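Inside the fold
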2 protein chains.
Amino acid sequence: MGKEADATFFPLKVKGSLIKLVYFSTNGVDSSSSSSNESLAASNGDRGRHVLEGKLHFAKFETEKINDCIDFIRSKQLLLTGSQQHGASGSAKCVIKATGGGAYKFPDLFKEKLGISLDKADEMDCLVAGSNFLLKAVQREAFTYMDGQREFVKIDHDDLYPYLLVNIGSGVSMIKVDGPGKFERVSGTSVGGGTFWGLGKLLTKCKNFDELLELSHQGNNRVIDMLVGDIYGGMDYTKIGLISTAIASSFSKVISDDKELKDYKPEDISRSLLRMISNNIGQISYLNALRFGLKRIIFAGFFIRGHAYTMDTIAVGVHFWSKGEAKAMFLKHEGFLGALGSFMSYEKHGFDDLKVHQSVQQSPAGDDPPNGELNENQSIDCSVYLSQ
Amino acid sequence: MGKEADATFFPLKVKGSLIKLVYFSTNGVDSSSSSSNESLAASNGDRGRHVLEGKLHFAKFETEKINDCIDFIRSKQLLLTGSQQHGASGSAKCVIKATGGGAYKFPDLFKEKLGISLDKADEMDCLVAGSNFLLKAVQREAFTYMDGQREFVKIDHDDLYPYLLVNIGSGVSMIKVDGPGKFERVSGTSVGGGTFWGLGKLLTKCKNFDELLELSHQGNNRVIDMLVGDIYGGMDYTKIGLISTAIASSFSKVISDDKELKDYKPEDISRSLLRMISNNIGQISYLNALRFGLKRIIFAGFFIRGHAYTMDTIAVGVHFWSKGEAKAMFLKHEGFLGALGSFMSYEKHGFDDLKVHQSVQQSPAGDDPPNGELNENQSIDCSVYLSQ
């Protein structure tokens, strides 16, 4: 197991309220494909290329704690670049690939504190590259979620494209992916994770996104939302396909209550917000998948974070609106698509390819928590191939 | 001009927070098609039928002030039914056609206070019948709205169907209308007028829906919403079709502000809410119109109320998402579709047909306020044809 100090590439994704960091640490051995690690390289026809074996690591920081991130990079000595390790001049330009809006905000800070440049990578390019990488290279990555059950989906590599990638960050982007590097942002909505946390912050005393999300577990949205049954006196309104427990109008029960904001439980408010937003995203995503004839909808982005109820609501939304014909799919490393994609963009800096060791991949099913953070403190065993 | 006491039919729509009443008052003359009022009847081939000439009136009441509505019905002596006027027994069953959820809630109250029965008419049937009636019978009814300009649309009767009817009440129903009595609820969203007022009530000190809506006029949503330009440092992100002034994430600017709810202006909150909800409805409506190949989208329901900024936001949403290919249309009597439709359903109670006097129709263009309530205190001259 290599020291993390041997890490080479460490792209950043800086957007909204979180900074994501993906970095690679070697196992301490700089192997080439002509070394003992023959099987891997040979199978890919990569003789003569440098191969670094190691792990991909995932880390995140709140944007307002940008200095923690900088300290982390310094403490891990992530500043040793690949080019330095491979005998290039120590004065070689040290670059961090970064994407997301923050890539435009923090270049001066990184230059000042770490003496390195932030190199902007296009956000959409990175998201798609990250998603394509995970879907093709990592087994047990994509899964469906329904009634508390996670089920991994095996995707035939030849049948991956086209698919709809729905990235739920502060806002939501819906991207039709037709192949490697071939994609188009076809839709989106401004009602996303930032809306959940923004409205949640105004409506509750929660101090952060995670606290608000956690609260929703214990909440009951029926206190806040008007259900079909509330309107039609408990009857299902089956003629129009609405059952009595469906939400007829989000936040509508508040109207006739003789109550103020402080009289409502924050957990109920959080649950109503989460259902409103998740359901809406599920619906708009399905309508776009339908429009372009896409059979797979992959939901990713920080809003999901492996949170069971969020995934469940999105999945139920897609199931409801598609009458069971479409299924929502999620990614285990959903929050790191952009950072992973900017990792891929090191290509121009000596990085050539990334192969995941399927056989020794971390996080077998048994290790994953059933709910909550699926993508924290995990690493993926892999090899980095360097061009000569 | 007839006394309103001569009114005959007065259906109700009771849903969510408002009760809508459409009633007919005669001009004081009970003419048949063989009377002097020849031109009207003859042109319609209605010889031998009873014709009542008069006006359709529109009124509304807050649901919690249901007693005001009952007093109004009593004061206008709306209890004189058509059958009584035409010599039927005074003890004939007196019926009010009612639709909406309230039709299930108030039958006992109406029986007790007025001695009359509420006869439930199917809500969706009524909405569609009301819309079809307005679109076919009333000139200068449907209009587009853009940049503060209202433009009436002439719809060829032979080319009316199919269209998408989007009824924005507390929740939103999207109905594909294929012909008279032929329709299907194809979609909807729980994010509607009830969400605007429910969230608005929690977030501001507003006492009612109209006050909240009024506030939005003076608001600036940029204080609350994260715009594309806020993320990308003022640059347009044209690659993905987003201009810097587009909303990237509703309510997201709140996240990084060191402020509490009380530090925000209610008008800014109201404006953000209105934009979020209107834009979302516009988007989902367009996607459904596209799905079913419908070229017209008609928006109606109490959320709109002729409110300029609401219509503008919906219209901009449809324009944006359709890249200018689809246009949002609105109805002058939008808030009364259900009540109008239940008026139509008197058919089984001696009511046969309703013809609008196009030539003497009320509310010529010049009388309409440019903004605000387009459908208040208006009446439509018309004739009611009674079956023998």
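Residues numbered from 1 in each chain as written. Chains lettered and ligands numbered in written order. Predicted model: local features only at pLDDT ≥ 70, side-chain atom pairs only at ≥ 80, totals over all residues. Heavy atoms only, no water.

Some details on the overall build of chain A
- Looking only at helices and strands, chain A has 12 helices and 16 strands in total.
- Residue pairs at least 24 apart in sequence account for 70% of intrachain contacts in chain A once pairs closer than 6 positions are excluded.
- Carbon together with sulfur atoms contributes 48% to the accessible area of chain A, which is approximately 15100 Å² in total. (Helix = DSSP H or I, 4+ residues; strand = E, 2+ residues; numbered from the N terminus. Contact = heavy atoms within 4.5 Å. Areas by Shrake-Rupley, 256 points an atom, 1.4 Å probe, with all protein chains shown as cover.)

Description of the relation of the copies chain A and chain B
- For the pair chain A and chain B, the superposition axis carries a translation of 0.0 Å, the fit reaches an RMSD of 0.1 Å, and the rotation angle comes to 180°. Taken together, the rotation and translation describe the operation of a two-fold axis.
- Both copies share a contact surface, since 100% of the interface residues of chain A are interface residues in chain B too. (Least-squares fit on C-alpha atoms with pLDDT ≥ 70 in both.)

Here we look at the pairing of strand β10 (residues 182–189) of chain B
All names here are of chain B.
- Buried residues dominate β10, accounting for 6 of its 8 residues.
- Summarising the sheet, strand β9 (residues 172–179) and β10 pair through 7 bridges and their orientation is antiparallel. If you follow Val172 over to β10, its bridge partner there is Thr189.
- Connecting β9 to the antiparallel partner β10 that follows it, the hairpin turn spans 2 residues, and Gly181 within it adopts a positive phi of roughly 70°. (Buried < 20%, exposed > 50% of the residue type's maximum accessible area, 1.4 Å probe, protein only. Pairing = 2+ DSSP bridges.)

Section: the sheet that holds strand β7 (residues 149–152) of chain B
Residues and elements named next belong to chain B.
- Spatially, the 7 strands line up as an open sheet ordered β7-β6-β14-β13-β8-β9-β10, and their pairing is mixed. Because the sheet does not close on itself, it has two edges, and the strands there are β7 and β10. Between one strand axis and the next, the sheet turns by 30° as a mean value, whatever way the strands run.
- By the bridge criterion, 4 bridges tie strand β13 (residues 296–300) to strand β14 (residues 327–331) in an arrangement that is parallel. Each residue of the ladder has a partner; that of Ile297, found in β14, is Ala328.
- The sheet strands contacting helix α5 (residues 123–137) are β6 (142–146), β8 (163–168), β9, β10, β13 and β14, and the helix crosses β8 at an angle near 120°. (Axes fitted to C-alpha atoms, helices over the stretch in contact; angles between N-to-C directions.)

Here's the deal with the nonpolar core
- Counting 101 residues, the largest nonpolar core has Phe299 of chain A together with Leu203 and Phe299 of chain B as its most contacted members.
- Sequence-distant contacts of Phe299 of chain A, defined by excluding residues within four places in its chain, comprise Val166, Ile168, Ile281, Gly282, Ser285, Ile304, Ile314, Val318, Ala328, Met329, Phe330 and Leu331 of chain A.
- Val138, Ile155, Tyr161 and Cys382 of chain B belong to the second largest nonpolar core, which has 35 residues in total. (Core = buried A, V, L, I, M, F, W, Y, C linked by side-chain atoms within 4.5 Å.)

Points about unusual backbone geometry
Residues and elements named next belong to chain A.
- Following Tyr161, the chain continues to Pro162 via a peptide bond in cis, the omega torsion being -10°.
- Secondary-structure assignment places Pro162 in the loop between β7 (149–152) and β8 (163–168).
- The backbone of Arg140 sits at a positive phi, close to 50°, despite the residue not being glycine.
- A positive phi is found at Phe251, a non-glycine position, where the angle reads about 70°.
- Within the secondary structure, Phe251 is located in the loop between β12 (247–249) and α9 (253–256).
- In this structure Phe251 comes out as buried when scored by relative accessible area, which is 0%.

Here we look at the side chain of Ser190 of chain A
- Note that Ser190 of chain A resides in the loop between β10 (182–189) and α6 (193–203).
- One polar contact links Ser190 of chain A to Ser250 of chain B, side chain to side chain, over a distance of 2.8 Å.
- Each residue touching Ser190 of chain A, except ones within four places of it in the same chain, is listed here: Ser170 and Thr195 of chain A together with Ile247, Ala248, Ser249 and Ser250 of chain B. (Polar contact = N/O pair within 3.5 Å; in protein donor to acceptor, adjacent residues only side chain to side chain.)

Observations regarding the interface of chain A and chain B
- Opposite the 54 residues of chain A that make contact, chain B presents 54 residues.
- Our count for the chain A to chain B interface comes out at 0 salt bridges.
- At the junction of chain A and chain B, the tally comes to 17 residue pairs in polar contact (both at pLDDT 80 or more).
- For the side of chain A that touches chain B, the secondary-structure elements that each account for two or more residues are α5 (123–137), β10, α6, α8 (228–231), β12, α9 and α10 (266–291) of chain A.
- Broken down by element, the residue count for the side of chain A that touches chain B peaks at 9 residues, all from α10 of chain A.
- Class assignment for the residues of the side of chain A that touches chain B results in 27 nonpolar, 16 polar and 11 charged. (Salt bridge = Lys/Arg side-chain N within 4 Å of Asp/Glu carboxyl O. Nonpolar A, V, L, I, M, F, W, Y, C, P; charged D, E, K, R; others polar.)

Notes on the pattern of salt bridges
Residue and element names in this part refer to chain A.
- Counting across every chain of the model gives 10 salt bridges over all chains.
- Lys295 serves as the salt-bridge partner of Asp159, at 3.1 Å between the closest nitrogen and oxygen. Taken together, the positions of Asp159 in the loop between β7 and β8 and Lys295 in the loop between α10 and β13 (296–300) put the pair 136 residues apart, joining distant regions of the chain.
- A residue is classified by how much of its surface remains accessible, and Asp159, at 30% relative accessible area, is partly exposed.
- Residue classification places Lys295 among the exposed positions, given a relative accessible area of 56%.
- One salt bridge in this structure joins Lys176 and Asp178, with 3.3 Å as the shortest N-O distance.

Observations concerning the packing of α5 of chain A against helix α12 (residues 337–344) of chain A
Residues and elements named next belong to chain A.
- Between α5 and α12, the shortest axis-to-axis distance is 6 Å and the interhelical angle comes to 90°. Relative to α12, α5 is oriented roughly perpendicular. The segment α5 lies against α12, with Cys126, Leu127, Ala129, Gly130, Ser131, Phe133 and Leu134 engaging Leu337, Gly338, Leu340, Gly341, Ser342 and Met344. (Parallel < 35°, antiparallel > 145°, perpendicular 65-115°, else oblique.)

Things to note about the confidence of the model for chain A
Residues and elements named next belong to chain A.
- With 73% of its residues at a pLDDT of 70 or more, chain A has an overall mean of 76.
- Low pLDDT, under 50, characterises residues 29–47; the predicted model gives this stretch 31 contacts beyond four residues in sequence or across chains.
- Reported for the predicted complex are a pTM of 0.79 and an ipTM of 0.79. (pLDDT = per-residue confidence, 0-100.)

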